[in-house]
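The chain contents come next:
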Amino acid sequence: MLHVGVGRRNAQNVGNSSSGQFPTVVDTNTGTDAAAASTSATVSLPANIVAGDLLLMFGGMASSITNFAATGWTILTASGTASRIATAFRIADGLEGATIAVTWTTGSSARFVTWRIPVATWNGVTPPEAAVPVTSTSTTPDCPTLSPSWGAGNTFWIAAMGSGTEATTITA
C-alpha cells in the first residue's frame, strides 16, 4: 500500500486573491503491461500535456522491484525486496512525447498507469510526497501514514496498491 499527497494551488502560490483550485486528474493513459520476466516497458503518457503539468506514474509489479528507473522522472517509491509498487513524478516541460521508457533489474510482469494534473490545479512548486510503501498479506490493507510538509488540509490524497497475484481479493 502507498499514500501520495499533492499540494493544492492557492493564493500564496499564484500571487492572486483567488481561493485556489484543488488538484484534479484530467487525463490518464489506458495502462501499459509488461510481460512476465520483463525488465523494461514503454509506458504511454496521458494526452494534452503542457509545461507545468504534474505527471504521475504508478507501476505494480508481480515480484519485488530492484533499481526502478525512468529517465527525467523523480522516483517517489520503488526499492527493496518488499516493495511491489513504483511511483514517480515529473513536472512537464511541454516537450514530452507519447511514451516514457522505464526499467528495472528483477524480471517481472508489471502494469503502469500515468496521470496528468494540470498546472492550474496543483501548487506548481512543491513536488508530491509519498509515504514508504508497506507490505501486507491482508485482504484489508491500509495505507501508511503520510504527513506532507505543507500540511494535510490542502492535500489531494492518492492511495495505491499493487498485488503480486491476480488471485488477491481485497475486501475493504
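This text follows the structure it describes.
Read on for a plain summary of the structure. Owing to the predicted nature of the structure, the values given are computational and were not obtained by experimental measurement.

Our focus in this paragraph is the overall build of the protein. For the protein, the count of helices and strands is one helix and ten strands. Along the protein, helices (α) and strands (β) appear in the sequence β-α-β-β-β-β-β-β-β-β-β when read from the amino end. Put simply, 75% of the contacts in the protein that link residues at least 6 apart link residues at least 24 apart.

Here the focus is the packing of aromatic side chains. Under the defined criterion, the tally for this structure stands at three aromatic pairs. A connected cluster of aromatic rings, assembled from ring pairs, spans Phe68, Trp104 and Phe112.

Within the secondary structure layout, Arg116 lies in strand 8 (residues 99-117). Judged by relative accessible area, which is 9%, Arg116 ranks as buried. Looking at Arg116, its side chain comes within polar contact range of the side chain of Asp27, at 2.7 Å. At 3.3 Å, the side chain of Arg116 forms a polar contact with the backbone oxygen of Ala47. Beyond its immediate sequence surroundings of up to four residues, Arg116 is in contact with Thr24, Val25, Val26, Asp27, Pro46, Ala47, Asn48, Ile49, Asp53, Leu54 and Leu55.

Our focus in this paragraph is the environment of Ala92. Along the chain, Ala92 turns up in the loop between strand 7 (85-91) and strand 8. Taking the C-alpha atoms as reference, Ala92 lies 9.0 Å from Val119; in sequence the two are 27 residues apart. Once residues within four sequence positions are removed from consideration, Ala92 is found in contact with Ile49, Val50, Ala51, Gly52, Asp53 and Leu55.

Turning our eyes to something else, we now look at the pattern of salt bridges. Taken as a whole and judged by the stated rule, the model has five salt bridges. Of the charged contacts in the structure, one is a salt bridge between Arg116 and Asp27, with a shortest N-O distance of 2.7 Å. Of this pair, Arg116 sits in strand 8 while Asp27 sits in strand 2 (residues 27-28), placing them 89 residues apart in sequence. With respect to class, Arg116 is no different from Asp27; both count as buried. Ionic pairing is found between Arg90 and Glu96, a salt bridge with its closest N-O pair at 2.7 Å.

A word on the nonpolar core. Counting residues in hydrophobic clusters, the biggest one holds 21 residues, and the most contacted among them are Met57, Phe68, Trp73, Val102, Trp104 and Phe112. Among the secondary structure elements, those contributing two or more residues to this core are strand 3 (32-44), strand 4 (54-61), strand 7 and strand 8. Examining the composition of this core, we find that five residues originate from one element, strand 8, more than from any other. The contacts of Phe112, once residues within four sequence positions are left out, are Asn29, Gly31, Thr32, Ala41, Val43, Met57, Phe58, Gly59, Met61, Phe68, Val102 and Trp104. Core analysis: the next-biggest nonpolar cluster, separate from the first, contains ten residues, Leu54, Ile85, Ile117 and Trp122 among them.

Conventions we followed
Residues numbered from 1 in each chain as written. Predicted model: local features only at pLDDT ≥ 70, side-chain atom pairs only at ≥ 80, totals over all residues. Heavy atoms only, no water. Helix = DSSP H or I, 4+ residues; strand = E, 2+ residues; numbered from the N terminus. Contact = heavy atoms within 4.5 Å. Phe/Tyr/Trp six-rings, centres within 6.5 Å; stacked < 30°, edge-to-face > 60°. Buried < 20%, exposed > 50% of the residue type's maximum accessible area, 1.4 Å probe, protein only. Polar contact = N/O pair within 3.5 Å; in protein donor to acceptor, adjacent residues only side chain to side chain. Salt bridge = Lys/Arg side-chain N within 4 Å of Asp/Glu carboxyl O. Core = buried A, V, L, I, M, F, W, Y, C linked by side-chain atoms within 4.5 Å.

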